[in-house]
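So you can see what is in the structure, the chains are spelled out below.
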Amino acid sequence: MWVNHDIENLVRLGAKELISKFNKEKFNVVKEFGQALPALTMTNILGIDSADHRYLKDLALKLIKALDLYITVKDLVLIHHASKEFIEYFRITMREKKMHEEGLLYKIFAANEKSQEPLSEAELISICIFLFTAGEETTSGLIGVGVYHLTKDSNAARSSQEWDLAIDELLRFNPPVQLLGRIASCDMNVHGKTIPNGSTVTLCLGAANRDPEIFDRPDELILNRTQNRHLAFGSGIHFCLGDWLGKLQSRIALEELFLAFPGLHLATDELNWNKNLAIRSLTSLEVATK
Ligand code: HEM
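Predicted model, so just to flag it, every value in this text is computed and none were measured.

Caption draft 1: Spotlight on the overall build of the chain. The helix and strand tally for the chain stands at 10 helices and 9 strands. Computed over its C-alpha atoms, the radius of gyration of the chain comes to 20 Å, within 12% of the 19 Å expected for a compact globule of 290 residues. Put simply, the chain has 290 residues, and 32% of those count as buried. Sequence separation of 24 or more characterises 68% of the internal contacts of the chain that already satisfy a separation of 6 or more.

Next comes the structure, spelled out in structure tokens:
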């Protein structure tokens with residue numbers, strides 16, 4: 001059974017391991033750190049080979065495009081190939097029991113074998129892929145914008161409570177999940193407009209997080225903001241299952257990075273955002289340590 005401090009240690013070790021390889025003065029913090037850490041964490045939690053984290057991260061990056069509103073045929077082909085590879089990876093992992101006994105995947109597998117109503121292999125595989133992908137681009141997006149904003153902030157040393165506030169404000173200001181989709185299950189009236197039963201609705205979390213009726217000075221990043229009821233993790237029954245893990249990883253990532261490189265600063269003026277309307281993140285960010 002995992003307890004919180006085990007996960008915290010595991011994430012911190014992962015962050016230190018990745019940082020220890022940055023022996024150059026400049027590096028791409030998104031590609032080499034922000035995207036790598038959540039993937040490494042998930043391989044460690046699932047108990048699969050951590051050397052596979054970069055391969056699985058690349059698949060997750062391709063698959064996440066499926067959540068975008070606008071996709072081309074070329075995207076669909078990439079998504080199709082990525083899902084086939086993902087399915088094959090977890091099928092082999094489970095069939096050949098390539099997982100550590102203390103990891104989550106082994107425990108799910110063992111519990112399922114004893115269950116009266118076991119899940120099918122396809123259902124187990126889809127849980128693994130969903131868990132892996134849900135935590136990858138989102139957390140990596142938060143780490144990326146966190147590095148970007150904190151390089152401009154002189155207060156690198158923060159107490160635990162200050163970190164919590166800062167992470168929530170980064171989530172409010174630049175939420176990694178910008179859009180959610182829903183289907184109305186009955187006729188609804190929202191601010192005088194009728195949304196008929198069965199219609200599709202796109203909810204813009206990014207806009208809700210800047211609502212001037214809820215947030216004071218909504219377009220300003222205020223890292224010690226205290227009234228912060230943002231919607232970056234959604235709301236209701238589908239509220240994010242991994243909110244604590246996403247926040248924990250981002251906090252540890254930023255803490256360890258600025259501890260290792262107190263003078264970390266941007267080595268570029270260029271911000272490269274991914275081309276995905278629903279899941280927003282930087283695709284690269286060059287930083288310099290000196
Ligand atoms: C900063 C990081 C993260 C952000 C911003 C984020 C955001 C979200 C949002 C907005 C939803 C709601 C989707 C909806 O209502 O349709 C969601 C759901 C979910 N998230 Fe996250 N997430 C993050 C990290 C993670 C992590 C690390 C995991 C697990 C490893 C995870 C697993 C899930 C799962 C399983 C759901 C579906 C819950 C359900 O439908 O009941 N997320 N996330």
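Caption draft 2: Geometry of the nonpolar core. Ranked by internal contacts, the top residues of the largest apolar core, which has 54 residues, are Val29, Leu37, Ala60, Phe86, Val147, Leu170 and Ala253. Those elements that place two or more of their residues in this core are α1 (4-20), α2 (29-34), α3 (36-46), α4 (53-63), α5 (73-95), α7 (121-150), α8 (160-173) and α10 (243-260). Those residues in contact with Ala253 that sit more than four places away from it in its chain are Ala15, Phe33, Leu37 and Ile143.

Caption draft 3: Region of interest: the packing of α7 against α10. Axis separation between α7 and α10 bottoms out at 9 Å; the angle between their running directions is 35°. In the packing of α7 onto α10, the handedness of the crossing is right-handed. From α7, Gly135, Thr138, Thr139, Leu142, Ile143, Gly146, Val147 and Leu150 reach across to α10, where they touch Leu245, Gly246, Gln249, Ser250, Ala253, Leu254, Leu257 and Phe258. For the contact of α7 with α10, the residue count by class is 9 nonpolar, 7 polar and no charged.

Caption draft 4: Region of the structure containing the site of the ligand. Taken together, 18 residues surround the ligand, and among them Gly135, Gly234, Cys240, Gly242 and Gly246 come closest. Those elements that place two or more of their residues in the shell around the ligand are α7 and α10. A per-element tally of the shell around the ligand places α7 first, with 6 residues. Class assignment for the residues of the shell around the ligand results in 11 nonpolar, 7 polar and no charged.

Caption draft 5: Representation of the environment of Arg210. Along the chain, the position of Arg210 falls in the loop between α9 (205-208) and α10. Arg210 sits 10 residues away from Glu220 along the chain, and the two C-alpha atoms are 9.2 Å apart. Beyond its immediate sequence surroundings of up to four residues, Arg210 is in contact with Phe215, Pro218 and Asp219.

Caption draft 6: Expanded view of the environment of Ile143. Looking at the secondary structure, you find Ile143 in helix α7. Its 32 C-beta neighbours within 10 Å are what place Ile143 among the buried residues. In this structure, the C-alpha to C-alpha distance between Ile143 and Arg251, residues 108 residues apart in sequence, is 8.2 Å. Once you skip the residues sitting within four places of it in the chain, Ile143 turns out to touch Gly34, Leu37, Ser250, Ala253 and Leu254.

Caption draft 7: Looking closely at the sheet that holds strand β9 (residues 286-288). Pairing is antiparallel in the open sheet, where 3 strands are placed in the order β1-β9-β6. Of all strands in the sheet, those with a lone pairing partner are β1 (26-28) and β6 (265-266), marking the two edges. Looking at chain direction, β1 and β9 are connected through 3 bridges and run antiparallel. Residue pairing across strands places Lys26 opposite Ala288, the latter belonging to β9.

Caption draft 8: Examining unusual backbone geometry more closely. Its identity as a non-glycine residue notwithstanding, His191 has a phi of 45°, on the positive side. With respect to the element layout, His191 can be found in the loop between β3 (188-190) and β4 (193-195). For His191, a count of 4 C-beta atoms within 10 Å corresponds to the exposed category. In the Ramachandran plot, Arg217 falls in the positive-phi region, its phi being about 45° despite a non-glycine side chain.

Caption draft 9: Broad picture of the pairing of strand β5 (residues 200-204). The element β5 is largely exposed, with a buried count of 0 among its 5 residues. Sheet topology places strand β2 (residues 179-183) next to β5; 5 bridges connect them, and they run antiparallel. Paired with Leu179 across the two strands is Cys204, which belongs to β5.

So, how was this worked out
- Along each chain, the written sequence defines residue order, and numbers are assigned to residues from 1.
- Since the coordinates come from a predicted model, pLDDT governs what is reported: local features require at least 70, and pairs of side-chain atoms require 80 or more to be given and counted, while whole-chain, interface and lining totals use all residues.
- Helix and strand labels come from DSSP, where a helix needs a run of H or I of at least four residues and a strand needs a run of E of at least two; each type is numbered from the N terminus.
- Here the globule rule reads 2.2 Å times residues to the power 0.38, and the radius of gyration is calculated from C-alpha atoms.
- With C-beta atoms placed from the backbone, the exposure class of a residue follows from how many other C-beta atoms lie within 10 Å of its own: 20 or more, buried; 12 or fewer, exposed; in between, partly exposed.
- Each residue is represented by a C-beta atom placed from its backbone, and any two residues with such atoms within 7 Å are regarded as in contact.
- A set of buried Ala, Val, Leu, Ile, Met, Phe, Trp, Tyr and Cys residues, joined through C-beta atoms within 7 Å, is what we mean by a nonpolar core.
- Here an axis means a line fitted to C-alpha atoms, over the contact stretch when the element is a helix, while the angle between two N-to-C directions is reported on a 0 to 180 degree scale.
- In this scheme, a crossing is called left-handed if the near helix is turned counterclockwise away from the far one by less than a right angle; it is called right-handed if the turn is clockwise.
- Amino acids are sorted into nonpolar (Ala, Val, Leu, Ile, Met, Phe, Trp, Tyr, Cys and Pro), charged (Asp, Glu, Lys and Arg) and polar (every other residue, Gly among them).
- Nearness is defined per residue: the C-beta atom, placed using the backbone, must lie within 6 Å of the molecule or strand.
- For two strands to be treated as a pair, DSSP must find at least two bridges joining them.

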